[in-house]
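# Architecture and fold: a report
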Amino acid sequence: MEEKKDGFGSKIGFILAAAGSAVGLGNIWRFPYLAAKYGGGIFLLIYIILVVTFGFSLMVTEISLGRKTGSSVIGAYKNADRRFGFLGPVAALVPFIITPYYCVIGGWVLKYLFTFISGQAHLATDDGYFGGFIAEAGQSTVFFIIYATLTALIVIFGVEKGIENVSKILMPVLVALSLGIAIYVMTLPGAGAGIKYYLLPNFEGFTLSKFLKTIVAAMGQLFYSMSLAMGIMVTYGSYMRKQDSIEASTRQVSFFDTSIAIIAGLIIVPSVFIFSGGDSDALNAGPGLMFVTLPKVFDSMKGGHIAGGAFFVLVAFAALTSSVSLLETMVSIVTEKFGLKRTGSTIVCLIIVFVMGMLSVLGYSSWESVTIFGYQILDFFDFISNNVMMPIVALLTCVLIGYVVKPKYIEEETTLNGEEFKAKGLYEIMTRFVCPIFMIIILLTPLFVKL
Ligand code: PHE
């Protein structure tokens, strides 16, 4: 809670912090493998539609709720309506599930960064390299612990501002480098089929069950990528100045977040076609896709080990700004609930991250045979947070705003700066009708179809 007093000194401060939290592994690692798996163009189309309707509405709601109540997620829901007070702690629980496995993937990025800067990039082009790495608990544990500790040190020393300033410079570099790599990939022989698969929706053989799976996946990705339904944007909203436009800021953050995801997909999806034939096994690679594909791209490039090294440095930075926002949320909850000092709570949280993260590490190595509802441990954490907990938070948030306090409650806040709320009609329809129905579909789907 202690950060609350300072708030953001400028409009750009809010946008940078929100974008820093939003842009991360979700865009570069998670989005491309989902797009590859769920039909390319169809997934992209559905995702974009969801961002401008659903993502927009939920982000406006969360930021407004935070700014209006001036409270972090724990207090904000209670302030809006006593009976919805329980929703704060439920939303706050989500980062406790995501942060540990996020740090495991962060560790994978560090491993590749290390591989590239130590001149071993050629080894990583081998198909077995990634599988060999994650199958060996020792190595993945080391990189996971380094990544998690790095995140914790940033939080303990309170240097988030410094990190934000650095990333202010590095994020545009990441965009430029990614665009360069995407253009390079698109000129390679064989890229055409992949570009077509990724950009053109192909509805052939698209059954209802495939459609449901794609929507569920795209919706989970939306929460994850835009850092929604877990209280982060509520807390950030509480720091936002009253004279700034919530609507415009939301549009800017979601545009930036979505653009980076689309560019990352433009690199990775066509590369799957170029280097791995684009058969369904290659497209269904899941969490390993980026790590298996990118080394091949860089290997085919003149000076590719340098571009690759630079790319992994930038991705590590993007990931750090996100994991810092996740850990920061955990820390503020532990501080608030248990009255610990900041350093003490960070250490408590780090221990939770270590223990739960180890489950994910082991789930891909020594305990490979262990599955929960058919998911490996890391995938289970991913599923339970994105496809169960976040939809529940989003559903109840929509009920609270749509029917209890009424959309006017939010609209008043969005118009405080004297501007009108341009998307008011869309906002009301989404909050009252479309979102709740969608959330119910998302929650029920896994009971009937295997995702
Ligand atoms: N949005 C971040 C990403 O795309 C991940 C994240 C999720 C960060 C939730 C904060 C909260 O990588």
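Up top is the structure these notes are about.
Presented here is a report on the structure given in the accompanying data block. (Residues numbered from 1 in each chain as written. Predicted model: local features only at pLDDT ≥ 70, side-chain atom pairs only at ≥ 80, totals over all residues. Heavy atoms only, no water.)

### A few points about the packing of aromatic side chains
Counted under the stated rule, the structure contains 31 aromatic pairs. Residues Phe 311 and Phe 312 carry aromatic rings whose centres are separated by 5.9 Å and whose planes lie at 80° to one another, so their mutual orientation is edge-to-face. Owing to a relative accessible area of 3%, Phe 311 belongs among the buried residues under this scheme. Under the relative-accessibility criterion, Phe 312 is labelled buried at 0%. Ring geometry for Tyr 375 against Phe 383: centres 4.7 Å apart, planes inclined by 20°, an arrangement best described as stacked. The pair formed by Tyr 375 and Phe 383 is uniform in burial state, with each residue classed as buried. Ring pairs connect the aromatic residues Trp 108, Tyr 112, Phe 116, Tyr 129, Phe 130, Phe 291, Phe 298, Phe 311, Phe 312 and Tyr 364, which therefore count as one cluster. Across the ring face of Tyr 224, the terminal group of Arg 30 is positioned such that the distance to the ring centre comes to 4.8 Å. The ring of Tyr 409 has Lys 68 sitting right over it, with the charged end atom 4.3 Å from the ring centre. (Phe/Tyr/Trp six-rings, centres within 6.5 Å; stacked < 30°, edge-to-face > 60°. Buried < 20%, exposed > 50% of the residue type's maximum accessible area, 1.4 Å probe, protein only. Lys NZ or Arg CZ within 6 Å of the ring centre and 35° of its normal.)

### Remarks on helix H19 (residues 424-448)
With 25 residues, H19 should cover 36 Å at 1.5 Å per step; its first-to-last C-alpha distance of 35 Å lies within 8% of that length. Taken together, the buried positions of H19 are Tyr 427, Met 430, Thr 431, Cys 435, Pro 436, Met 439, Ile 442 and Thr 445. The elements touched by buried residues of H19 are helix H3 (41-69), helix H10 (208-225), helix H17 (377-404) and helix H18 (408-414). (Helix = DSSP H or I, 4+ residues; strand = E, 2+ residues; numbered from the N terminus. Expected span 1.5 Å × (residues − 1). Contact = heavy atoms within 4.5 Å.)

### Here we look at the site of the ligand
In the vicinity of the ligand lie 15 residues, with Ala 22, Leu 25, Gly 26, Tyr 102 and Tyr 224 positioned nearest. Within the contact set of the ligand, an oxygen atom lies 3.0 Å away from a backbone nitrogen or oxygen of Leu 25. One of the side-chain N or O atoms of Ser 227 is found 3.1 Å from a nitrogen atom in the ligand. Coverage of the ligand by the protein amounts to 100% of the 320 Å² it exposes when considered alone. For the shell around the ligand, the secondary-structure elements that each account for two or more residues are helix H1 (11-22), helix H2 (25-37), H10 and helix H15 (304-338). Its residues assigned to classes, the shell around the ligand shows seven nonpolar, eight polar and no charged. (Near = heavy atom within 4 Å. Polar contact = N/O pair within 3.5 Å; in protein donor to acceptor, adjacent residues only side chain to side chain. Areas by Shrake-Rupley, 256 points an atom, 1.4 Å probe, with all protein chains shown as cover. Nonpolar A, V, L, I, M, F, W, Y, C, P; charged D, E, K, R; others polar.)

That's the geometry; what it means functionally is another story.
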